[in-house]
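Working through the structure, step by step
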Amino acid sequence: MPDWLAILILGIIEGITEFIPVSSTGHLLLAERWLPQQTDLFNIVIQCGAVVAVLPLFPERLRQFVFRWREPATRDYLLKIFTAFAITGAGGLALEKMKFKLPETSLPIAVALVVGGVLFVLIEYWLRGKTLRNQVTWPVVLAVGLGQLIAAIFPGTSRSGATILLALMLGLNRPLATEFSFLVGIPTMLAAGGLKIFEALRHSSGASGENWSMVALGTFVAAAVSFIAVRWLLRYVQTHTFTAFGWYRVAVGMVILWFALS
């Protein structure tokens, strides 16, 4: 398979799965069974491209943050985003101090996918007929910050999956749960990605061996696909539940489990 085609496929997978609550880690793990494995630097850079691409999808929030930042409601929302981000950052630093290492086998990823999928189905069933809130409360802020840490500790959980699921459990409606999860995730992933890129470049003599044309291609594809995928999801959650994503996670987790045990 030509390198450009492999990069194109990986960019599409990253773009679709980075924010959709189905685990980009799990899908990239499946893809690597048939596609050439890429460097950590490549994976980090295209992830950052996918993250940056979704910013234009929140024009009202961005205008609010830039032009109406003096308003109490704006400051309250910004403080909640910063607090959730700070919780994740503090937890991430603690994990670094403890020299935490992610599991390198596919079995934990498969289990996390299946468990998360089942929880989505059960929580959505539990929420039937309930009136959900349209206000991000401080318990939701705490849960979103912790949810990002859970996703960091258990690959396959999905950062957006964990945070959206916890917000739903606390009674936040689906559109706001999705929006707040994404707005907290953007600075979180950019900060983590930026640090990893800096470390990778510092420890590899400027990453001279990296094929930067392929990195650029993967980043562009991931960004474009991420924009389309998140735009679709933001509309989808206005009138649908996350049940379908739950069953999809179970299916993908079972496929990975089959490969892991075979």
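Residues numbered from 1 in each chain as written. Predicted model: local features only at pLDDT ≥ 70, side-chain atom pairs only at ≥ 80, totals over all residues. Heavy atoms only, no water.

What follows is about the overall build of the protein chain. The helix and strand tally for the protein chain stands at eleven helices and zero strands. Along the protein chain, from the amino end to the carboxyl end, the secondary structure elements read α-α-α-α-α-α-α-α-α-α-α. A compact globule built from 262 residues should have a C-alpha radius of gyration of about 18 Å, and the protein chain, at 18 Å, falls within 12% of that. Each principal axis of the C-alpha distribution contributes one length, and for the protein chain these read about 50 × 45 × 40 Å. Taking as baseline every contact in the protein chain between residues at least 6 positions apart, the subset at least 24 positions apart corresponds to 85%. (Helix = DSSP H or I, 4+ residues; strand = E, 2+ residues; numbered from the N terminus. Rg over C-alpha atoms; globule rule 2.2 N^0.38 Å. Contact = heavy atoms within 4.5 Å.)

For the rest of this paragraph, the subject is the confidence of the model for the protein chain. Residues at a pLDDT of 70 or more form 97% of the protein chain, whose mean pLDDT is 91. No element of the protein chain has a lower mean pLDDT than helix 2 (residues 24-31), at 86, and none a higher one than helix 8 (residues 159-169), at 96. (pLDDT = per-residue confidence, 0-100.)

The next point concerns the packing of aromatic side chains. Counted by the stated rule, this structure contains ten aromatic pairs. Aromatic side chains W34 and F259 sit 5.8 Å apart centroid to centroid with 75° between the ring planes, which places their arrangement in the edge-to-face category. Within this pair, whereas W34 is found in the loop between helix 2 and helix 3 (40-52), its partner F259 is found in helix 11 (residues 243-261), the two being separated by 225 residues in sequence. By relative accessible area, W34 is classed as exposed at 59%. A relative accessible area of 18% means that F259 is categorised as buried. Arranged with centres 6.2 Å apart and planes meeting at 25°, the rings of F65 and Y77 form a pair that is stacked. Taken as a pair, F65 in helix 4 (residues 59-67) and Y77 in helix 5 (residues 72-97) lie far apart in primary sequence, twelve residues in all. Across the pair, Y77 and F65 agree in class, each one buried. Three or more aromatic residues joined by ring pairs form one cluster here, namely F120, W232, Y236, F242 and F245. The residue whose ring lies beneath R61 is Y77, and the NZ or CZ to ring-centre distance is 3.8 Å. (Phe/Tyr/Trp six-rings, centres within 6.5 Å; stacked < 30°, edge-to-face > 60°. Buried < 20%, exposed > 50% of the residue type's maximum accessible area, 1.4 Å probe, protein only. Lys NZ or Arg CZ within 6 Å of the ring centre and 35° of its normal.)

Turning our attention to the side chain of E18. Structurally, the position occupied by E18 is in the loop between helix 1 (3-17) and helix 2. R159 provides the closest opposite charge to the buried, salt-bridge-free E18, at an N-O distance of 5.3 Å. Looking at E18, its side chain comes within polar contact range of the side chain of Q47, at 3.4 Å. When residues no more than four places from it in sequence are discounted, the contact partners of E18 are S24, Q47, A50, V51, S160 and M189. (Lys, Arg positive; Asp, Glu negative; His and termini not counted. Salt bridge = Lys/Arg side-chain N within 4 Å of Asp/Glu carboxyl O. Polar contact = N/O pair within 3.5 Å; in protein donor to acceptor, adjacent residues only side chain to side chain.)

Closest axis-to-axis distance for the helix 7 (residues 138-153)/helix 9 (residues 174-202) pair is 11 Å, and the angle between their directions is 50°. The orientation of helix 7 with respect to helix 9, classified from their angle, is oblique. For the element pair helix 7 and helix 9, the recorded crossing hand is right-handed. For the pair formed by helix 7 and helix 9, the contact residues are V140, V141, V144 and Q148 on the first element and F180, V184, G185 and T188 on the second. Of the residues belonging to the contact of helix 7 with helix 9, the class tally is five nonpolar, three polar and no charged. (Axes fitted to C-alpha atoms, helices over the stretch in contact; angles between N-to-C directions. Parallel < 35°, antiparallel > 145°, perpendicular 65-115°, else oblique. Left-handed = near helix turned anticlockwise from the far one by under 90°. Nonpolar A, V, L, I, M, F, W, Y, C, P; charged D, E, K, R; others polar.)

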